Amino acid sequence: MNILIVGAGGFIGSHLCEAILDRHSDWNITAMDISSAKIGHLIGQDRFNFVQSDILKDFDLMEDSVKNCDVVFPLAAIASPLVYVQDPLRIFELDFEANLRIVRLAIKYKKRVIFPSTSEVYGMCNDEEFDEENSSCVTGPICKQRWIYSCSKQMMDRVIYAAGNKYDLHYTLFRPFNWIGPRLDDITNPNNGSSRVVTQFLSNILHGKNLNLVDGGSQVRCFTYISDGIDALIKIVENKNNCADKQIFNIGNPYNELSIKDLAYKIKGLASEYEKLKENASKVEIVVTSSSDYYGKSYQDVNRRVPSIKRAESILGWKPVVNMDDLLTKTMDFYFK
Ligand code: NAD
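Keep in mind that what you see is a predicted model, and the values were worked out from it rather than measured. (Residues numbered from 1 in each chain as written. Predicted model: local features only at pLDDT ≥ 70, side-chain atom pairs only at ≥ 80, totals over all residues. Heavy atoms only, no water.)

A. Looking closely at the site of the ligand. Not every one of the 25 residues close to the ligand is listed here, only the nearest: Asp33, Asp54, Tyr149, Lys153 and Arg196. Between the ligand and Ile12, the relevant distance is 2.8 Å, taken from an oxygen atom to a main-chain nitrogen or oxygen of the residue. Between the ligand and Ile55 there is a distance of 3.0 Å, counted from a nitrogen atom to a backbone nitrogen or oxygen. The fraction of the free accessible surface of the ligand (830 Å²) that becomes covered by protein chains is 89%. Those elements giving two or more residues to the shell around the ligand turn out to be helix H1 (11-23) and helix H5 (147-167). Looking at side-chain class alone, the shell around the ligand contains 14 nonpolar, seven polar and four charged residues. (Near = heavy atom within 4 Å. Polar contact = N/O pair within 3.5 Å; in protein donor to acceptor, adjacent residues only side chain to side chain. Areas by Shrake-Rupley, 256 points an atom, 1.4 Å probe, with all protein chains shown as cover. Helix = DSSP H or I, 4+ residues; strand = E, 2+ residues; numbered from the N terminus. Nonpolar A, V, L, I, M, F, W, Y, C, P; charged D, E, K, R; others polar.)

B. Structural detail: helix H6 (residues 197-206). Within H6, eight of the ten residues are buried, which leaves it mostly tucked inside the rest of the structure. Contacts made by the buried residues of H6 are with strand S7 (179-180), strand S8 (211-214), helix H8 (260-271), helix H9 (278-283), helix H10 (291-294) and helix H12 (324-336). Count one or two residues on from H6 and you reach Gly208, which has phi positive near 70°. (Buried < 20%, exposed > 50% of the residue type's maximum accessible area, 1.4 Å probe, protein only. Contact = heavy atoms within 4.5 Å.)

C. Summary view of the state of the cysteines. The final tally for this structure, using the stated rule, is zero disulfides. We note that Cys69 lacks a disulfide partner, and the nearest cysteine sulfur, in Cys17, lies 14 Å from it. Cysteine Cys151 remains unbridged, with the sulfur of Cys137 as its closest cysteine sulfur at 9.5 Å. (Disulfide = S-S within 2.5 Å.)

D. Highlighting the pattern of salt bridges. Applying the stated criterion across every chain, the model contains 20 salt bridges. Glu129 serves as the salt-bridge partner of Lys310, at 3.8 Å between the closest nitrogen and oxygen. Pair noted here: Lys310 is in helix H11 (residues 310-316) and Glu129 is in the loop between strand S5 (112-116) and H5, with a separation of 181 residues, a long-range link. Given the relative accessible area of 37%, Glu129 is considered partly exposed. Of the charged contacts in the structure, one is a salt bridge between Lys337 and Asp333, with a shortest N-O distance of 3.8 Å. (Salt bridge = Lys/Arg side-chain N within 4 Å of Asp/Glu carboxyl O.)

E. Representation of the packing of H6 against H12. Running from N to C, H6 and H12 cross one another at 45°; their axes reach a closest spacing of 12 Å. Between H6 and H12, the angle falls in the class oblique. The way H6 lies across H12 gives a crossing that is right-handed. For the pair H6 and H12, contact is made by Val198, Thr199, Leu202 and Leu206 and by Leu328, Met332, Tyr335 and Phe336, respectively. The residue inventory of the contact of H6 with H12, partitioned by class, reads seven nonpolar, one polar and no charged. (Axes fitted to C-alpha atoms, helices over the stretch in contact; angles between N-to-C directions. Parallel < 35°, antiparallel > 145°, perpendicular 65-115°, else oblique. Left-handed = near helix turned anticlockwise from the far one by under 90°.)

F. Here's a closer look at the sheet that holds strand S2 (residues 28-33). Overall, parallel pairing links the seven strands, which are arranged S3-S2-S1-S4-S5-S6-S11 in an open sheet. The open sheet has two free edges, formed respectively by strand S3 (48-52) and strand S11 (247-251), since each of these has just one partner strand. Pairwise comparison of adjacent strand axes, ignoring direction, gives a mean angle of 15° for this sheet. Pairing analysis gives two bridges linking strand S4 (residues 71-74) to S5, with the strands arranged parallel. Following the sheet pairing, Val71 is matched in S5 by Arg112. Running at roughly 160° to S5, helix H7 (residues 226-238) makes contact with strand S1 (2-6), S4, S5, strand S6 (171-176) and S11 of the sheet. (Pairing = 2+ DSSP bridges.)

G. Representation of the nonpolar core in the model. Counting 68 residues, the largest nonpolar core has Ile5 and Phe73 as its most contacted members. Excluding residues within four positions of it along the chain, Ile5 makes contact with Gly13, Leu16, Cys17, Ile20, Ile29, Thr30, Ala31, Met32, Phe73 and Leu75. Core analysis: the next-biggest nonpolar cluster, separate from the first, contains 32 residues, Met32, Cys69, Ala76 and Ala106 among them. (Core = buried A, V, L, I, M, F, W, Y, C linked by side-chain atoms within 4.5 Å.)

H. Quick look at the environment of Ile248. Note on placement: Ile248 falls in strand S11. Relative accessible area serves as the criterion here: at 14%, Ile248 is assigned to the buried category. With residues near it in sequence (within four places) discarded, Ile248 still touches Glu132, Leu173, Arg175 and Arg311.

I. Local environment of the side chain of Asp245. Structurally, Asp245 can be placed in the loop between H7 and S11. Among buried charged residues, Asp245 stands out as having no salt bridge; its nearest opposite-charge side chain is Arg112, 4.2 Å away. Side chain to side chain, Asp245 and His170 meet in a polar contact 2.8 Å long. Look past the residues within four positions of Asp245 in its chain and what remains in contact with it is Arg112, His170, Tyr171, Thr172 and Asn239. (Lys, Arg positive; Asp, Glu negative; His and termini not counted.)

J. How the structure looks around the side chain of Asn239. With respect to the secondary-structure elements, Asn239 resides in the loop between H7 and S11. Contacts of Asn239, omitting those with residues within four sequence positions, involve Arg112, Ala244 and Asp245.

Purely geometric stuff here, so don't read any function into it on its own.
Pasting the structure below:
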């Protein structure tokens, strides 16, 4: 099987490439990205072909690459709340328009698409657990620009679903819920808002800066270790008895439910066990800030986000296994040991 991974140089892509090379000797990867920083160690291996490419420009190359693959993962996107509010059109152009071009090619050449939707599509839904087939997708007013990411992804989901019905596009939509692990973000960037929450807190401690609880930090998230997420993706590619065909799966860990405030205290506590962090860990404080100060006025938050994983369990036979403490320790060991 020939697998095209667009955005292969990112957090999820790099782990997916490693897992495929490790576990499936008959799968070949074409890895496209503007950067190879996180997959440099794979370049030169058999069955791995890195192609440096910008999907906003290299249209002919993309067409050839989709034509020559069996399955395409369009993983290139910007998933940073600060960019949602500061440059929403960049999100639309990359996360929606550029990915739509890839999906259109998959329709044209009859290829399978495995697309990263997101827990963000559920937005401010109040359901206890978000259900792929029944929960509503609730976003805020247009002036709250942060919803451009959620809307872009939701439109991709709707287009892909419709193309499944109209053109028999073979697709799987997966919705990661806060996947965390090694290589998540570059923690050497000291700017607030440059990383996702776990890596942001780690970066702040590394640089001796306070940890910010945006609007008090009572927001609840479910954190999922990257190896659990990747196990689900491998099952989706394997697609035993076509079980993943035309399906949507939440891929998250409902047992790792934690508020951002509790997360901050947990990380600060653990940091004191790492030589590189312990001095700063004793000095930095956990402080409350407003979302308008931190992200700008067009931010709006999601209070609680817990996945139902019944479909992934029953259809894929997948279940997350890494608990919150192990998730943090494995991630921190990667960055600081
Ligand atoms: P990431 O930012 O680590 O990786 C994205 C990759 O896309 C980067 O390597 C980047 O260089 C590449 N890219 C950006 N612009 C490009 C361009 N013009 N041409 C080619 N490549 C380009 O993100 P990730 O965490 O690996 O996420 C992958 C996908 O999963 C994204 O679509 C994201 O929205 C989605 N997702 C991730 C999570 C999560 O928990 N990590 C949660 C929900 C959804």
